[in-house]
Each structure stands twice: as structure tokens, then as C-alpha cells.
Amino acid sequence: MTENDSDLVLDGNAAAGLLQEIFALEITTAQIQCETCDSVGAVGSLRLYAAPMGAVLRCPHCDARLMTAVRTPHGRWLQMTGTRRLRF
Ligand SMILES: [Zn+2]
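Quantities reported herein were computed from a predicted structural model and do not represent experimental measurements. (Residues numbered from 1 in each chain as written. Predicted model: local features only at pLDDT ≥ 70, side-chain atom pairs only at ≥ 80, totals over all residues. Heavy atoms only, no water.)

Chemist: In this structure, what is going on with the environment of arginine 87? I would like to understand it.
Modeler: Inspection of the secondary structure puts arginine 87 in strand S7 (residues 83-87). When near neighbours in sequence (up to four residues on either side) are disregarded, arginine 87 contacts Ala30 and Gln31. (Helix = DSSP H or I, 4+ residues; strand = E, 2+ residues; numbered from the N terminus. Contact = heavy atoms within 4.5 Å.)

Chemist: Mind showing me how you'd approach the sheet that holds strand S5 (residues 65-72) here?
Modeler: Pairing in this open sheet of 4 strands is antiparallel, and the strands run S3-S4-S5-S6 from one edge to the other. Every interior strand has two partners, whereas the edge strands, strand S3 (47-51) and strand S6 (75-79), have only one. For this sheet the average axis-to-axis angle between neighbouring strands, irrespective of direction, equals 10 degrees. Where S5 and S6 come together, 5 bridges link them in antiparallel fashion. Counterpart to alanine 69 in the pairing with S6 is leucine 78. (Pairing = 2+ DSSP bridges. Axes fitted to C-alpha atoms, helices over the stretch in contact; angles between N-to-C directions.)

As C-alpha cells, then:
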């Protein structure tokens with residue numbers, strides 16, 4: 001990182017407006033790309049494995065885990081380790 005690059009670094013609060021635009025949109029029609037097999041499809045087309053505390057959503061083509069959403073007493077958690085990208 002050069003001295004000029006450090007001038008461009010802000011904390012996450014600076015992205016609040018953009019992130020609020022993204023996370024307020026309809027998630028089931030968003031296009032999700034699988035990191036494992038590169039297939040693209042609607043989030044609503046993923047396979048859901050429901051659990052008492054949340055949901056595991058898997059790729060319908062290769063069964064890779066794309067999203068895990070969990071509700072706990074300490075908050076809501078979203079993990080998207082198997083997702084290459086999400087497009088709204
Ligand atoms: Zn896949």
C-alpha cells in the first residue's frame with residue numbers, strides 16, 4: 001500500500017448507504033454464482049436445508065454450501081463462503 005492508497009481507506013460506516021441499498025432488495029430474485037461450479041441462478045432456486053436456528057442454502061447443481069443464515073440470541077449471522085458473487 002502506498003501513501004496515496006492509505007488516503008482512500010475509510011471505516012465500514014462509509015459504505016453504509018451502499019450496503020443498505022443492497023440488503024433492502026428482494027433477495028430471492030438476486031442472481032447468485034456458486035464458487036465451486038460457477039453456475040448462476042436465483043437465490044430462490046437454491047436447495048434449503050432448514051435447521052431450528054436458521055437455514056443452509058446449497059447449490060442445486062453441485063450441492064456446495066452457498067449461504068448459511070442463523071438467528072441466535074446474540075444476533076443474526078450470514079455466511080456466504082461458497083458464493084462467488086451476488087447480483088441484484
Ligand atoms: Zn455449484
